[in-house]
Amino acid sequence: MSNLSPVSIKTFTASDYKSDLKPIWCPGCGDFGVLTAVTRALASIGRPPHEIAFISGIGCSSRIPGYTTAYGFNSVHGRSLPIAQGIKLANPELLVLVASGDGDGFSIGGGHLAHVVRRNIDLTYIVMDNQIYGLTKGQLSPTSPKGLKTASSNQGSLEEPVNPLLYMLAYGAGFVAQGTPADMNGLTKLVEEGIRYPGFAFINIQSPCITYGQAETQLKVQKDKIRNLTDMGHDATDRLKAMGLAQDYGTVIHNGVFYRNPTPPQSYGDKVKDRHAALQATARPRQEILKMFTPSLG
Ligand code: SF4
């Protein structure tokens, strides 16, 4: 969030970031908690809604931009990240949030992850991971556990699940965290920290699908599986230790910041700005170029 100076003198509350649109998520869906955490985090940051763009792909979770007062784009399946990158580079002053589900983000959108990370675009990527396709009525998703019986795997899945935390750490993301609506204060803090991180930030949220999700992913069950990384004394500046903990994905829910780069590298947007300034400094004056092609002017 390198360029996010709080210029407004107005104080915002979470309700300033909630639109009048009533969410059509199933009652009890974890995504309600994510919406609350995002709006509370935005209120803490205090940027006015018109300075925020919220981009999503397709899926239940991708409805979230419409429930906020930020500029929103419920875009194309799996393509939220490239669209968000374009928006951020075209208007670097915007605070850009991106939302996906596990299907949208890690299946059709999986190929974009490595590239947004290596470019280090200053975005906050929030994935509502429920290990199932909810919108299309309960098929296997990339994070579904092996053996899971679903509408599309009635004999049990034969596939190993994707580990989103390990992927992002291995790609080199500067901020990697995991939260859950079972810990609303913790989740709000994580979203705020992700937004404030000056570069690409990834937050995996264990947001249960109450309609099609497995019993083990529901909030009541989650509470027994949560391990707070701060309470464990985890050093969030140690990427290798974070990768070790990330291997527990699917068994326990590590809650908190896995990794935060203590010396964040320059974001792609800032590099572009520097390159532009350098080119301008060495550019020949327009009049000089005109003379090269029309000597009569000289
Ligand atoms: Fe949420 Fe699942 Fe309902 Fe979709 S189907 S709104 S993910 S509970």
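About the criteria used
- Residues numbered from 1 in each chain as written.
- Predicted model: local features only at pLDDT ≥ 70, side-chain atom pairs only at ≥ 80, totals over all residues.
- Heavy atoms only, no water.
- Near = heavy atom within 4 Å.
- 1 Å grid on protein atoms, 1.4 Å probe; cavity = no way out; pocket = protein on both sides within 12 Å on 5 of 7 lines; lining within 4 Å.
- Sits in = over half its atoms within 2 Å of the grid points.
- Nonpolar A, V, L, I, M, F, W, Y, C, P; charged D, E, K, R; others polar.
- Buried < 20%, exposed > 50% of the residue type's maximum accessible area, 1.4 Å probe, protein only.
- Helix = DSSP H or I, 4+ residues; strand = E, 2+ residues; numbered from the N terminus.
- Arc of directions from axis to C-beta.
- Polar contact = N/O pair within 3.5 Å; in protein donor to acceptor, adjacent residues only side chain to side chain.
- Points joined across faces, edges and corners; volume = space filled by probe spheres on them.
- Domains from an automatic or database assignment.
- Contact = heavy atoms within 4.5 Å.
- Buried area = accessible area lost by both parts, 1.4 Å probe.
- Salt bridge = Lys/Arg side-chain N within 4 Å of Asp/Glu carboxyl O.
- Core = buried A, V, L, I, M, F, W, Y, C linked by side-chain atoms within 4.5 Å.
- Pairing = 2+ DSSP bridges.

## Quick look at the site of the ligand
If you check the shell around the ligand, you find W25, C26, C29, C60, N130, G134, C209, I210, T211 and Y212 and nothing else. In a pocket analysis with a 2 Å cut-off to the grid points, the ligand is assigned to the largest pocket. Here the shell around the ligand is built from residues that sort into 7 nonpolar, 3 polar and no charged.

## A closer look at helix α5 (residues 164–171)
What α5 keeps buried is the set P164, L165, M168 and L169. Looking straight down α5, one finds that the buried residues subtend no more than 130° of arc, so they occupy a single side. For α5, the capping residue at the N-terminal end is N163, with a side-chain oxygen 3.2 Å from the backbone nitrogen of L165.

## Structural notes on empty space enclosed by the protein
Counting across every chain of the model gives 2 cavities of 30 Å³ or more. Of the voids in this model, the second largest cavity is the one considered here, and its volume is about 30 Å³. Lining of the second largest cavity is provided by G78, S80, L81, P82, S100, D104, G105, G109, H112 and Y125. When residues of the lining of the second largest cavity are traced back to their parent elements, those giving at least two are α2 (80–90) and α3 (102–108).

## So, the layout of surface pockets
Space inside the largest pocket adds up to approximately 410 Å³. Around the largest pocket, the lining comprises 29 residues; the ones closest to its centre are G59, C60, Y133, G134 and L135. At 3 residues, α3 tops the list of elements feeding residues into the lining of the largest pocket. Partitioned by chemical class, the residues of the lining of the largest pocket number 14 nonpolar, 10 polar and 5 charged.

## Overview of unusual backbone geometry
Positive phi, normally seen in glycine, also occurs at Q131, with a value near 60°. Tracing the backbone through its elements, the reader meets Q131 in the loop between β4 (124–129) and α5. If you check the backbone angles, K137 has positive phi at about 80° while not being a glycine. By the secondary structure assignment, K137 is in the loop between β4 and α5.

## Topic: the environment of Q280
Tracing the sequence through the fold places Q280 in helix α9 (residues 268–282). Look at Q280 and you get exposed, because its relative accessible area is 54%. Along the primary structure Q280 and G57 are separated by 223 residues, whereas in three dimensions their C-alpha atoms are 37 Å apart.

## Focus on the domain arrangement of the chain
Splitting the chain by domain gives domain 1 (14–265) and domain 2 (266–298). Between domain 1 and domain 2, the residue contacts involve 7 residues of the former and 4 residues of the latter. Considering only the surface of domain 1 that becomes buried against domain 2, L89, R119 and P265 emerge as the three largest contributors, covering 60% of it. Summed over the shared surface of domain 1 and domain 2, the result is 0 salt bridges. The tally of links between domain 1 and domain 2 comes to 4 residue pairs in polar contact (both at pLDDT 80 or more). Its residues assigned to classes, the side of domain 1 that touches domain 2 shows 4 nonpolar, 1 polar and 2 charged.

## Notes on the side chain of Q178
Relative to the helices and strands, Q178 is located in strand β5 (residues 175–179). At 3.1 Å, the side chain of Q178 and the side chain of Q206 are in polar contact. What Q178 contacts, discounting residues up to four positions off in sequence, is L165, L190, N204, Q206, Y249, I253, H254, N255, G256 and F258.

## Here's the deal with the nonpolar core
V38, L42, I64, L97 and V191 are the most contacted members of the largest nonpolar core, which totals 34 residues. Counting only elements with at least two residues in this core, the list comes to α1 (31–45), β1 (52–56), β3 (95–101), β4, β5, α6 (184–196) and β6 (201–206). Setting aside anything within four residues of it in sequence, one finds I64 in contact with W25, V34, L35, F54, A99 and M128. Listed in part, the 30 residues of the second largest apolar core include I121, Y125, M168 and F202.

## Things to note about helix α4 (residues 110–119)
Within α4, burial applies to G110, L113, A114, V116 and V117. For α4, the elements touching its buried residues are α2, α3, β4 and α5. The positive-phi residue at the C-terminal boundary of α4 is N120, with phi of around 55°.

## Quick look at the pairing of β4
Summarising burial for β4: 6 of the 6 residues are buried, a large majority. The side-chain alternation of β4 yields two buried faces, one formed by T124, I126 and M128 and the other by Y125, V127 and D129. Sheet analysis places β3 next to β4, joined by 5 bridges and oriented parallel. Along β4, the bridge assignment pairs L97 with T124. With 6 bridges joining them, β4 and β6 adopt parallel strand pairing. Opposite M128, over in β6, you have I205 as the bridge partner.

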